[in-house]
Amino acid sequence: MKSSSVVSITTVLALTGCTTMWPATWPEVNVAPQHKQPAEQVLRDRGECWTLAEKEAGHDPDVMLESVIVTRAMFDAHREYVRAYADCMIGRGYEVVQREVDVK
């Protein structure tokens, strides 16, 4: 499922050696249903919000999984993607927790 990439980027940065490079923290978002949405609805909402956030931010987080070096522009685009994804999920009735994760 694509939305898992939002969380796994932290792991990839740590494993690829980016821990010695900027950034030292990485935005992460976790979502949980607030209104007992069925699993099918959760998957559909995550997929639709993923696509919406990609278009709004002009950024595909999967590209970051293939990159060893994270540029400032990539970081800023990812932060915008996380914001757009979180906003979309909140609008669909999910609890959203955003935080900065230390990648060192």
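As shown above, the structure is provided for reference.
Residues numbered from 1 in each chain as written. Predicted model: local features only at pLDDT ≥ 70, side-chain atom pairs only at ≥ 80, totals over all residues. Heavy atoms only, no water.

**Notes on helix α4 (residues 72–91)**
So, step 1. Under the 1.5 Å per step criterion, the end-to-end length of α4 is 29 Å for 20 residues, consistent within 8% with the ideal 28 Å.
So, step 2. Within α4, burial applies to Met74, Phe75, Ala77, His78, Tyr81, Val82, Ala84, Tyr85, Ala86, Cys88 and Met89.
So, step 3. Positive phi appears at Gly93, one or two residues downstream of α4, with a value of about 90°. (Helix = DSSP H or I, 4+ residues; strand = E, 2+ residues; numbered from the N terminus. Expected span 1.5 Å × (residues − 1). Buried < 20%, exposed > 50% of the residue type's maximum accessible area, 1.4 Å probe, protein only.)

**So, the pattern of salt bridges**
So, step 1. Within the structure shown, the criterion is met by 8 salt bridges.
So, step 2. One salt bridge connects Glu48 with Arg92, and the closest N-O pair in it is separated by 2.5 Å. With Glu48 in helix α2 (residues 39–57) and Arg92 in the loop between α4 and β2 (94–102), this pair connects stretches of sequence that are 44 residues apart.
So, step 3. When its relative accessible area of 37% is taken as the criterion, Glu48 is described as partly exposed.
So, step 4. A salt bridge links Arg83 to Asp87; the shortest N-O distance between them is 2.5 Å. Here Arg83 pairs with Asp87, and both are found in helix α4, just 4 residues apart, close to one helical turn.
So, step 5. Taking relative accessible area as the criterion, Asp87 reaches 39% and is therefore assigned partly exposed.
So, step 6. Via salt bridges that share partners, Glu56, Glu80, Arg83 and Asp87 belong to a single interconnected network. (Salt bridge = Lys/Arg side-chain N within 4 Å of Asp/Glu carboxyl O.)

**Some points on the state of the cysteines**
So, step 1. Under the criterion given, the structure shown has 1 disulfide.
So, step 2. A disulfide bridge connects Cys49 with Cys88, and the sulfur atoms are separated by 2.0 Å. Classification of the bridge connecting Cys49 and Cys88 rests on its S-S torsion, roughly -70°, and on that basis the disulfide is left-handed. Of this pair, Cys49 sits in helix α2 while Cys88 sits in helix α4, placing them 39 residues apart in sequence.
So, step 3. Overall, Cys49 belongs to the buried group, its relative accessible area being 0%. (Disulfide = S-S within 2.5 Å.)

**Describing the side chain of Gln37**
So, step 1. Note on placement: Gln37 falls in the loop between β1 (25–33) and α2.
So, step 2. On the accessibility criterion, Gln37 (15% relative accessible area) is buried.
So, step 3. Polar contacts involving the side chain of Gln37 include one to the main-chain amide nitrogen of His35, which spans 3.1 Å.
So, step 4. Setting aside its immediate chain neighbours within four residues, Gln37 contacts Val42, Arg92, Gly93 and Tyr94. (Polar contact = N/O pair within 3.5 Å; in protein donor to acceptor, adjacent residues only side chain to side chain. Contact = heavy atoms within 4.5 Å.)

**Overview of the packing of aromatic side chains**
So, step 1. Scanning the model with the defined rule gives 2 aromatic pairs in all.
So, step 2. On the basis of an interplanar angle of 70° and a centroid distance of 5.3 Å, the ring pair of Trp50 and Tyr81 is categorised as edge-to-face. You can see Trp50 sitting in helix α2 and its partner Tyr81 sitting in helix α4, a full 31 residues away along the chain.
So, step 3. Residue classification places Trp50 among the buried positions, given a relative accessible area of 2%.
So, step 4. With a relative accessible area of 0%, Tyr81 lands in the buried category.
So, step 5. Note on Tyr81 and Tyr85: the rings are 6.0 Å apart at their centroids and 20° apart in plane angle, and the pair reads as stacked. On the criterion of helical spacing, the pair formed by Tyr81 and Tyr85 is a turn pair, its members being 4 residues apart in helix α4. Exposure class is identical for Tyr81 and Tyr85. Each is buried.
So, step 6. Taken together through their ring pairs, the aromatic side chains of Trp50, Tyr81 and Tyr85 make up a single cluster. (Phe/Tyr/Trp six-rings, centres within 6.5 Å; stacked < 30°, edge-to-face > 60°.)

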